[in-house]
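Per-entry structural report
Okay, here's what each chain looks like letter by letter:
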2 protein chains.
Amino acid sequence: MGVLSKNSATILDVARLARCSITTVSRVLNNSSHKVNEETRKRVLEAIRALDYRPNALAKSLLSKRTMTIGAVVPDISNPYYAEVVRGIQDAADQEGYTVLIQNTDRLSDRLKRGIHILREKNVDGFIFTGGLHGMEGIGELLCELKERTVVIGRLGEDLPSVQVDNEQASILAVEHLVQKGYRRIAYVSGALCSTTMVDRLEGFRNALKKFNLQEVPGYIQEGKQTLQSGYEAMRQLLSLPETPEAILFANDQMLFGAMKAISEEGLRVPKDFAVIGFDNVPLCSYFDPTITSIEIPKYELGQAATRLLFSLIRGETPHAPLWFPVQLIERESTAESKLQSVDRQKRKRLPTY
Amino acid sequence: MGVLSKNSATILDVARLARCSITTVSRVLNNSSHKVNEETRKRVLEAIRALDYRPNALAKSLLSKRTMTIGAVVPDISNPYYAEVVRGIQDAADQEGYTVLIQNTDRLSDRLKRGIHILREKNVDGFIFTGGLHGMEGIGELLCELKERTVVIGRLGEDLPSVQVDNEQASILAVEHLVQKGYRRIAYVSGALCSTTMVDRLEGFRNALKKFNLQEVPGYIQEGKQTLQSGYEAMRQLLSLPETPEAILFANDQMLFGAMKAISEEGLRVPKDFAVIGFDNVPLCSYFDPTITSIEIPKYELGQAATRLLFSLIRGETPHAPLWFPVQLIERESTAESKLQSVDRQKRKRLPTY
DNA sequence: CATTGCAAGGAAAACCTTTTCCATAGCTCG
DNA sequence: CGAGCTATGGAAAAGGTTTTCCTTGCAATG
């Protein structure tokens with residue numbers, strides 16, 4: 001309507017127009033228990049509408065010490081895994097009227113520190129850390145008074161309230177699946193070991209080898225970054241080994257997809273020549289050719305649960321034990337028994353390997 | 001040190017400890033031009049350190065009417081395309097000390113409205129809209145006074161300052177490429193036509209058909225959502241047609257990947273049986289088997305440029321004409337000439353089609 | 001009639017900064 | 001010696017809310 005006023009209306013403007021005090025306006029606004037005459041209320045509401053008044057959140061926050069904003073620290077938002085976790089966080093926050101401020105760290109510890117700094121400066125009401133961060137012990141200090149309003153998805157070294165997934169167990173699950181399918185020479189491609197997630201998955205793989213009496217072949221464990229390119233390179237490494245593995249477990253689906261290129265470049269096929277299995281079960285797994293067996297992590301649910309846990313902390317409830325979420329192996333074509341391997345397996349069956 | 005005070009120190013605490021007024025503390029803090037005695041300054045700095053004082057951004061913002069935060073509205077952050085755009089925005093914002101508040105709309109117009117509402121409430125200093133939004137004319141009103149601090153990536157119907165890519169031209173480029181390779185029966189799979197991006201790409205495709213004298217075959221234009229599943233379904237539709245297309249242009253790479261599954265399920269191959277070409281050139285394109293020809297959109301640069309444009313608006317500079325970014329066709333295996341088609345092409349060459 | 005209680009409303013403090021304006025003291029200059 | 005300048009410092013307003021604590025009428029109760 002007409003000229004837009006440069007500065008939006010304040011509560012004082014409303015009070016003036018409604019011929020009452022700002023106290024009354026405030027009461028109407030927050031429908032306080034303090035009674036206000038029905039007629040006055042109508043005048044106020046009318047004035048609010050006429051002026052298109054909306055309370056200034058800044059002023060409110062200054063007083064209430066609540067910004068209705070929570071901060072989320074994620075290693076890499078373009079990773080579909082974290083994108084989904086963030087989605088869970090945002091939806092849960094939304095339900096309680098909170099907004100989420102996202103800080104990307106790109107897995108760099110100084111960007112992490114900077115992120116925390118910004119979030120504190122913005123006066124967020126709580127923190128959610130995702131991905132953990134290995135060997136980054138100083139975090140507790142950075143959080144200061146916010147320490148009691150922090151939730152971690154995964155581990156962080158510090159013992160903060162958390163929502164977790166048993167990554168170690170997940171690796172064992174994957175290896176078990178491969179063993180059952182008759183694969184024995186199993187390699188592992190890890191992501192950057194700067195997140196506890198990656199540390200746990202690797203640990204789990206090693207334990208699984210022991211558990212199933214398989215030996216760790218030199219060169220069968222590759223470390224890279226969680227990218228297509230890195231998966232490709234790791235696979236090339238594996239392909240160059242004198243004795244190539246029969247099956248490969250990838251610490252994340254992205255790396256697996258990258259590796260598929262290396263495999264097909266050599267004219268090799270999955271699962272005929274290699275079985276592969278990924279982590280995270282991103283949507284593409286069921287659309288790839290062949291479809292990819294992957295460990296499903298309840299990404300959305302993790303984000304959601306972490307946020308709810310955070311709200312319970314904010315409400316002053318005492319933190320309870322870490323919340324564990326189940327993982328699940330989704331079997332698809334990439335780990336089917338190839339004919340060749342079925343034969344192999346027959347042969348092996350006679351050997352008392354385990 | 002020792003026990004953490006529940007409420008962090010204020011400027012008053014610092015002043016008391018340094019035995020001076022808050023005015024002086026403020027001056028030291030913002031190293032104002034107003035002189036302050038070297039010894040006093042030292043006392044203040046000491047007090048700041050001792051109390052671990054950090055100014056309250058809320059109070060500062062209340063006064064300055066600057067939150068050092070900009071809002072970004074994106075249709076879908078889990079889409080790699082937007083993830084990359086957001087990355088560009090964040091990096092550029094970072095450089096100027098700004099923080100980005102992201103609002104996902106999931107392409108729903110009420111979530112969009114809600115997002116705008118939240119951003120206004122949080123007093124962001126400016127807006128960036130991505131993806132455009134078709135048939136959503138009321139936006140200008142929602143923005144109100146922020147209208148002059150809004151930048152759009154793409155079009156929005158309203159004429160706001162923008163950073164653009166010629167999607168229409170891009171479609172023409174793609175079709176031209178296919179025609180040059182000898183393909184004539186070209187289909188198009190569109191995403192949801194609620195974003196101007198999608199509208200423009202479709203428009204471009206239609207114009208390209210005209211330009212190259214190809215006719216629009218009924219059923220050759222499919223509309224879906226920008227998802228793997230939707231791409232898969234669209235492809236199934238195309239495959240069920242009495243005469244299948246020779247080449248398909250997909251409005252985004254995700255849909256293309258979904259379609260690849262439908263193709264391989266039929267035992268068909270790319271590019272032998274179909275040429276396919278995508279939009280966005282996400283990283284996976286060069287890792288897929290076959291590698292995928294796609295239209296490269298400078299996603300990161302778009303985000304970056306939009307943010308810089310926004311800052312120039314915030315500084316009070318007058319908006320200039322829309323900024324155009326070039327698109328580029330990245331040719332890969334998925335549009336190689338199949339032997340079969342080369343023959344076809346020879347045949348066709350005799351016909352005076354265009 | 002005096003007292004109590006309630007409905008309705010307002011004044012002012014508090015939240016934490018920045019900024020404008022003023023104060024003091026010591027100097028310099030004409 | 002007075003005017004004006006500089007170096008240094010503080011008081012107070014402003015920014016927009018919420019909340020605590022009054023105040024004023026009026027009706028009900030004894």
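Residues numbered from 1 in each chain as written. Chains lettered and ligands numbered in written order. Predicted model: local features only at pLDDT ≥ 70, side-chain atom pairs only at ≥ 80, totals over all residues. Heavy atoms only, no water.

Quick look at the packing of aromatic side chains
Under the definition given, this model contains 13 aromatic pairs over all chains. Measuring from ring centre to ring centre gives 4.9 Å for Phe257 of chain B and Phe288 of chain B, while their planes differ by 25 degrees; the resulting arrangement is stacked. Of the two residues, Phe257 of chain B sits in helix H11 (residues 253-265) while Phe288 of chain B sits in the loop between strand S9 (275-280) and strand S10 (293-296), which places them 31 residues apart along the sequence. The class for Phe257 of chain B is buried, based on a relative accessible area of 1%. Pairwise contacts between aromatic rings join Phe257 and Phe288 of chain A together with Phe257 and Phe288 of chain B into one cluster. The ring of Tyr287 of chain B is capped by Lys261 of chain A, whose NZ or CZ atom sits 6.0 Å from the centre of that ring. (Phe/Tyr/Trp six-rings, centres within 6.5 Å; stacked < 30°, edge-to-face > 60°. Helix = DSSP H or I, 4+ residues; strand = E, 2+ residues; numbered from the N terminus. Buried < 20%, exposed > 50% of the residue type's maximum accessible area, 1.4 Å probe, protein only. Lys NZ or Arg CZ within 6 Å of the ring centre and 35° of its normal.)

Some thoughts on the nonpolar core
Formed by 105 residues in total, the largest nonpolar core has its most connected members in Ile70 and Val175 of chain A together with Ile70 and Val175 of chain B. Beyond its immediate chain neighbours, meaning those up to four positions away, Val175 of chain B contacts Ile186, Phe205, Ala208, Phe212, Leu214 and Leu249 of chain B. (Core = buried A, V, L, I, M, F, W, Y, C linked by side-chain atoms within 4.5 Å. Contact = heavy atoms within 4.5 Å.)

Here we look at the sheet that holds strand S1 (residues 69-74) of chain A
Residues and elements named next belong to chain A. Across the sheet, which stays open at both edges, the six strands sit in the order S2-S1-S3-S4-S5-S11 with parallel pairing between neighbours. A single partner strand is all that each edge strand has here, and the edge strands are strand S2 (99-104) and strand S11 (323-325). Each strand axis lies, on average, 20 degrees off the axis of its neighbour in the sheet, ignoring direction. Judged from the four bridges that link them, S1 and strand S3 (residues 126-130) form a sheet pairing that is parallel. Bridge pairing in S3 places Ala72 opposite Ile128. Here helix H5 (residues 80-95) sits on the sheet in contact with S1, S2, S3 and strand S4 (150-153), set at roughly 155 degrees to S2. (Pairing = 2+ DSSP bridges. Axes fitted to C-alpha atoms, helices over the stretch in contact; angles between N-to-C directions.)

Looking at the protein's contact with DNA strand D
Contacts to DNA strand D come from 27 residues, most closely from Ile11 of chain A together with Ser21, Thr24, His34 and Thr40 of chain B. Near-protein atoms of DNA strand D (within 4 Å) split between backbone and bases, with sugar and phosphate holding 51%. A distance of 2.8 Å is found between a phosphate oxygen of DNA strand D and a side-chain nitrogen or oxygen belonging to Thr24 of chain B. Between Thr40 of chain B and DNA strand D, the recorded distance is 2.6 Å, taken from a side-chain N or O atom to a phosphate oxygen. Taken together, the residues of the surface near DNA strand D sort by class into eleven nonpolar, eleven polar and five charged. (Near = heavy atom within 4 Å. Polar contact = N/O pair within 3.5 Å; in protein donor to acceptor, adjacent residues only side chain to side chain. Nonpolar A, V, L, I, M, F, W, Y, C, P; charged D, E, K, R; others polar.)

Quick look at the relation of the copies chain A and chain B
For the pair of chain copies, the relating transformation is a rotation about an axis with a translation along it. With an axial shift of 0.1 Å and an RMSD of 0.2 Å, the rotation relating chain A to chain B amounts to 180 degrees. Here the copies are linked by what is in effect a two-fold axis. Interface overlap between copies is the fraction of interface residues in one copy that are interface residues in the other; for chain A against chain B it reaches 98%, indicating a shared surface. (Least-squares fit on C-alpha atoms with pLDDT ≥ 70 in both.)

Some words on the protein's contact with DNA strand C
Every one of the 26 residues lining DNA strand C counts as a neighbour, but Ser21, His34 and Thr40 of chain A together with Ile11 and Tyr53 of chain B are closest to it. A breakdown of the atoms of DNA strand C within 4 Å of the protein gives sugar and phosphate a share of 56%. A distance of 2.7 Å separates a phosphate oxygen of DNA strand C from a polar backbone atom of Ser21 of chain A. Thr24 of chain A has a polar side-chain atom sitting 2.8 Å from a phosphate oxygen of DNA strand C. Those elements giving two or more residues to the surface near DNA strand C turn out to be helix H2 (22-29) and helix H4 (57-64) of chain A together with helix H2 (22-29) and helix H4 (57-64) of chain B. Of the residues in the surface near DNA strand C, the class split is ten nonpolar, eleven polar and five charged.

Section: a negative patch on the surface
The grouping of Asp289 and Glu333 of chain A together with Asp289 and Glu333 of chain B at the surface amounts to a negative patch. Residue placement: Asp289 of chain A occurs in the loop between strand S9 (275-280) and strand S10 (293-296). (Patch = residues over 30% accessible without salt bridge, like charges linked within 9 Å, V, L, I, M, F, W, Y side chains within 5 Å. Areas by Shrake-Rupley, 256 points an atom, 1.4 Å probe, with all protein chains shown as cover. Salt bridge = Lys/Arg side-chain N within 4 Å of Asp/Glu carboxyl O. Lys, Arg positive; Asp, Glu negative; His and termini not counted. Charge placed at Lys NZ, Arg CZ, Asp CG, Glu CD.)

Observations regarding the interface of chain A and chain B
Taken residue by residue, the interface counts 54 residues in chain A and 53 residues in chain B. Carbon and sulfur atoms make up 52% of the area that chain A and chain B hide from each other, which totals about 4,700 Å². Our enumeration of links across chain A and chain B arrives at six salt bridges. Across the pair Asp106 of chain B and Arg87 of chain A runs a salt bridge, and its minimum N-O distance is 3.0 Å. Our enumeration of links across chain A and chain B arrives at 18 residue pairs in polar contact (both at pLDDT 80 or more). Class assignment for the residues of the side of chain A that touches chain B results in 20 nonpolar, 17 polar and 17 charged. (Buried area = accessible area lost by both parts, 1.4 Å probe.)

All we've got here are geometric facts, nothing functional implied.
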